[in-house]
Amino acid sequence: MNTQTKFYERSLLERGYLKLIFDKLPTTYDYKTWMTPAEGFDVYDGVIFRFEKGTSTLIDRMIVEVKVRDKFYPELILEKIKFNDLKKVRKQMDTKTKKECYTDVKTRLIYINITPEGSFFFDLDKLQKDFEWVEEMHWISTTDKSKGKTLKSLTKIDYTKGKRYNIKTGDYINKKAVETMGINHSRAKQLGIIF
């Protein structure tokens, strides 16, 4: 299997788990959710809009990044380059929303790790004050080990700092639902809701 196929399959897996998590969001709010296309090169995997129950009053928006881990680690890695890319996307979305929709909506950065022990949902804005950035050698690509390792700037987040969902690596994923969410994301981009 070539690297591009592995990347695509991994991306589909991330979106499948994200769909499972979207389906388990608390019912005290209404939500609109989108995922980026698995074959795309977006720096985030999805967006969640949270509304007051039964209204169209937008509370906040969440930019979501997902990692699927085949093994449980007590400390989960977040690369500095990924964190900075997510902050750039937030700034772009916030600027566009203010300019085109005349509204100021809080946008949160959410990092989700799916592991064999469950899924852990981290609000990066709340945690960033505790980030300690270190340099370590890690694989350039998790889907292509032939590329070797490189020095990466990263932080480690203790799993206990996240909200746990009972969705685990290996749980069933409805591929048709994932495809539908990808189509919805493309439509949302065309409408200028997200980009």
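What comes next is a walk through the structure. On a predicted model such as this, the values are computed, not experimentally measured, just so you know. Sequence order sets the numbering: in each chain, residues are counted from 1 along the sequence as written. With pLDDT at 70 or above as the cut-off, local features in this predicted model cover only qualifying residues; side-chain atom pairs require 80 or more to be listed or tallied, and sums for whole chains, interfaces and linings still use all residues. Neither water nor hydrogens contribute to the side-chain values; these are computed over all heavy atoms in the structure.

**Digging into the side chain of serine 119**
A run of H or I in DSSP becomes a helix once it reaches four residues, and a run of E becomes a strand once it reaches two; helices and strands are each numbered from the N terminus. Its location among the elements puts serine 119 in strand S6 (residues 118-123). Judged by relative accessible area, serine 119 falls into the buried class, the value being 1%. In terms of polar contacts, serine 119 uses its side chain to reach the backbone carbonyl oxygen of isoleucine 167, at 2.6 Å. Every residue pair with non-hydrogen atoms within 4.5 Å of one another is taken to be in contact. Excluding its chain neighbours within four sequence positions, the residues that come into contact with serine 119 are Ile21, Asn113, Ile114, Lys163, Arg164, Tyr165 and Ile167. Three exposure classes are used, based on accessible area relative to the maximum for each residue type with a 1.4 Å probe and protein chains only: buried under 20%, partly exposed in between, and exposed over 50%. A 3.5 Å cut-off defines polar contacts: any pair of N or O atoms within that distance qualifies, except that in protein one atom must be a possible hydrogen donor and the other a possible acceptor, and neighbouring residues in sequence count only when both atoms are side-chain atoms.

**Quick look at the pattern of salt bridges**
The term salt bridge refers to a side-chain nitrogen of Lys or Arg lying within 4 Å of a carboxyl oxygen of Asp or Glu. On inspection of all chains with the given rule, the structure shows 14 salt bridges. With its nearest N and O atoms 3.0 Å apart, the salt bridge here joins aspartate 60 to arginine 108. Of the two residues, aspartate 60 sits in strand S3 (residues 58-68) while arginine 108 sits in strand S5 (residues 106-115), which places them 48 residues apart along the sequence. The same class applies to aspartate 60 as to arginine 108, namely buried.

**Focus: the pairing of S5**
For S5, the buried fraction is high: 9 of the 10 residues fall into the buried class. Direction of pairing for S3 relative to S5: parallel, over a ladder of 9 bridges. Bridge assignment links glutamate 65 to a residue of S5, and that residue is tyrosine 111. Each pair of strands is called paired provided DSSP finds at least two bridges between the two strands. Where S5 lies against S6, 6 bridges are found, and the strand directions are antiparallel. Residue pairing across strands places tyrosine 111 opposite phenylalanine 122, the latter belonging to S6. Remark: 2 residues form the turn of the hairpin made by S5 and S6, two consecutive strands paired antiparallel.

**Some thoughts on the nonpolar core**
If you look at the biggest cluster of nonpolar residues, it comprises 20 residues, and the most contacted ones within it are Tyr44, Ile63, Leu78, Phe122, Leu124, Phe131 and Ile157. Of all elements in the fold, only strand S2 (46-52), strand S4 (75-79), helix H2 (80-101), S5, S6 and helix H3 (124-127) reach the threshold of two or more residues within this core. Those residues in contact with leucine 124 that sit more than four places away from it in its chain are Leu78, Phe83, Leu86, Leu109, Tyr111, Phe131 and Ile157. Buried Ala, Val, Leu, Ile, Met, Phe, Trp, Tyr and Cys residues form a nonpolar core when they are joined through side-chain atoms within 4.5 Å. With 17 residues, the next largest nonpolar core counts Ile21, Leu25, Ile48 and Val64 among its residues.

**Here we look at the sheet that holds S4**
One open sheet accounts for 3 strands, arranged S4-S8-S7; its pairing is antiparallel. In this open sheet, the two edge strands, each paired with only one partner strand, are S4 and strand S7 (134-139). In this sheet, neighbouring strand axes are inclined to one another by 60° on average, regardless of whether the strands run parallel or antiparallel. In this analysis an axis means a line fitted to C-alpha atoms, helices contributing only their contacting stretch, and an angle means the value between N-to-C directions, from 0 to 180 degrees.

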